[in-house]
Amino acid sequence: MHPHTPRIGIIGSGAIGGFYGVMLARAGFDVHFLLRSEYQVVREQGLALDSAVHGKLLMKVQAYANAADMPPCDWLLVGAKATSNDQLAPVIVQAAAPGAKVLLLHGLGVEEQLRPALRGDMHLLGGLCFICVNRHAPGVIRHQALGAVNLGYHSGPAREGGAAVVREGAGLFQAAGIDSQAMPNLDLARWQKLVWNVPYNGLSVLLGEGTTGLMASSHSRALIQALMAEVVQGAGACGHVLPEGYAEHLFQMTERMPDYWPSMYHDYALMRPLELQAIYAEPLARARAAGCSLPRTETLYQALSFLDDSDRPR
């Protein structure tokens, strides 16, 4: 264990939280995992990581079923889906040490939703994960490619825009062998992530294909590029100009990836709520308020909302 280093808590130890938590624990950090349905399995067997990048790893971890049983944590990595935001705040506050840094790893606008329910001494950050990872089985995480996580400061008692806090967080990931950069503008970074998330998450559900299948057809390729262009347009309308050629860079990067089925597909297949608010509703609302219409994205959102309707028989 690293001497004089912060205690790290993982809230939502699924694919995203589990991957980064295991990597940090492997590097010697004091990491504590809060789990729900998989608690008993992980407590007895540990967390297994099957990574195409880092190899296979089985690690006995410090696992908890209740936040009240966790020691106060200096850093909290929140990997839970944005669909559970209303349940997150009490758990985060319960697990947080005084002055804790809370890093949210999902969605546009989630920080604004959680901030009022957190203590004033707590720092709130957003993280953008560029990674192909999913939960393969209870206690088993499959990592196919990528892994970088970039950080930006949202709010809290830090001075000078929280730059020192962001650098500290990025340093934790870097020490674990994970590429991590400080982002000076969190909203801009979130819009950058949406350029990929909007087309590939939604189309994987509607068309029943992973990235390889989606990139194999000229029709779906054209739709992906049109959706990406809309997100870039929406970001610009909201005052966030994305780098020239950024969408095309993501498109070409996806062509080189192994076949990846986004998290929204797995949520739909397992009849879990879809993460529509952060990925679709919030950016659509912000673009609309800025006088910008995103018709293809709106249509995709409406179709996904139909599928996500809990009252509709499947």
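Just above, that's the structure.
Residues numbered from 1 in each chain as written. Predicted model: local features only at pLDDT ≥ 70, side-chain atom pairs only at ≥ 80, totals over all residues. Heavy atoms only, no water.

## Describing the overall build of the chain
Line of reasoning, step 1. Regarding its fold elements, the chain presents 12 helices and 9 strands.
Line of reasoning, step 2. On C-alpha atoms alone, the chain measures out to a radius of gyration of 19 Å, which is about the 20 Å that the 2.2 N^0.38 rule sets for 314 residues.
Line of reasoning, step 3. Projecting the C-alpha coordinates of the chain onto the three principal axes gives extents of approximately 55 × 40 × 40 Å.
Line of reasoning, step 4. Within the chain, buried positions represent 54% of all 314 residues.
Line of reasoning, step 5. Considering only intrachain contacts with a sequence separation of at least 6, the fraction spanning at least 24 residues in the chain is 70%.
Line of reasoning, step 6. Taking the average place of the 24 positive charges on the side chains of the chain and the average place of its 27 negative ones, the gap between the two points comes to 4 Å. (Helix = DSSP H or I, 4+ residues; strand = E, 2+ residues; numbered from the N terminus. Rg over C-alpha atoms; globule rule 2.2 N^0.38 Å. Buried < 20%, exposed > 50% of the residue type's maximum accessible area, 1.4 Å probe, protein only. Contact = heavy atoms within 4.5 Å. Lys, Arg positive; Asp, Glu negative; His and termini not counted. Charge placed at Lys NZ, Arg CZ, Asp CG, Glu CD.)

## Regarding the sheet that holds strand S5 (residues 62-64)
Line of reasoning, step 1. Strand order in this open sheet of 9 strands is S4-S3-S9-S8-S7-S6-S1-S2-S5, and the pairing throughout is mixed. On the outer flanks of this sheet lie strand S4 (55-59) and S5, each paired with one strand and no other. Across the sheet, the axes of successive neighbouring strands diverge by a mean angle of 30°, strand direction being ignored.
Line of reasoning, step 2. Two strands pair when backbone bridges link them, and strand S3 (residues 47-51) and S4 are joined in this way by 5 bridges, in the antiparallel orientation. Looking at the pairing, Ala48 lines up with Leu58 of S4. (Pairing = 2+ DSSP bridges. Axes fitted to C-alpha atoms, helices over the stretch in contact; angles between N-to-C directions.)

## Some points on helix H5 (residues 163-175)
Line of reasoning, step 1. The end-to-end C-alpha distance of H5 is 18 Å, a good match for the 18 Å that 13 residues give at a rise of 1.5 Å each.
Line of reasoning, step 2. Here H5 has its buried residues at Val165, Val166, Gly169, Ala170, Leu172 and Phe173. Looking straight down H5, one finds that the buried residues subtend no more than 150° of arc, so they occupy a single side.
Line of reasoning, step 3. In this structure, the buried residues of H5 make contact with strand S1 (7-11), helix H1 (15-26), strand S6 (73-78), strand S7 (96-104), strand S8 (123-137) and strand S9 (140-155).
Line of reasoning, step 4. Directly beyond the C-terminal end of H5, a positive phi value near 80° is found at Gly177. (Expected span 1.5 Å × (residues − 1). Arc of directions from axis to C-beta.)

## Some thoughts on the pairing of S3
Line of reasoning, step 1. Of all 5 residues in S3, 4 are buried; the element is thus mostly enclosed.
Line of reasoning, step 2. Between S3 and S4, which follow one another and run antiparallel, lie 3 residues.
Line of reasoning, step 3. With 4 bridges joining them, S3 and S9 adopt parallel strand pairing. Bridged to Asp50 within S9 is Arg142.

## Concerning the side chain of Ser204
Line of reasoning, step 1. Within the element layout of this structure, Ser204 appears in helix H6 (residues 186-207).
Line of reasoning, step 2. Residue classification places Ser204 among the buried positions, given a relative accessible area of 0%.
Line of reasoning, step 3. Once residues within four sequence positions are removed from consideration, Ser204 is found in contact with Glu209, Leu214, Pro262 and Tyr265.

## What about H1?
Note on helix geometry: an α-helix contains 3.6 residues per turn, so any two residues three or four positions apart are oriented the same way.
Line of reasoning, step 1. With 12 residues, H1 ought to run about 16 Å at 1.5 Å a step, and its terminal C-alpha atoms sit 16 Å apart, in line with that.
Line of reasoning, step 2. Most of H1 is tucked away, with 11 of its 12 residues classed as buried.
Line of reasoning, step 3. Along H1, the residues classified as buried are Ala15, Ile16, Gly17, Gly18, Phe19, Tyr20, Gly21, Val22, Met23, Leu24 and Ala25.
Line of reasoning, step 4. In the segment just after H1, Gly28 is the residue with positive phi, at about 105°.

By themselves these figures say nothing about function.
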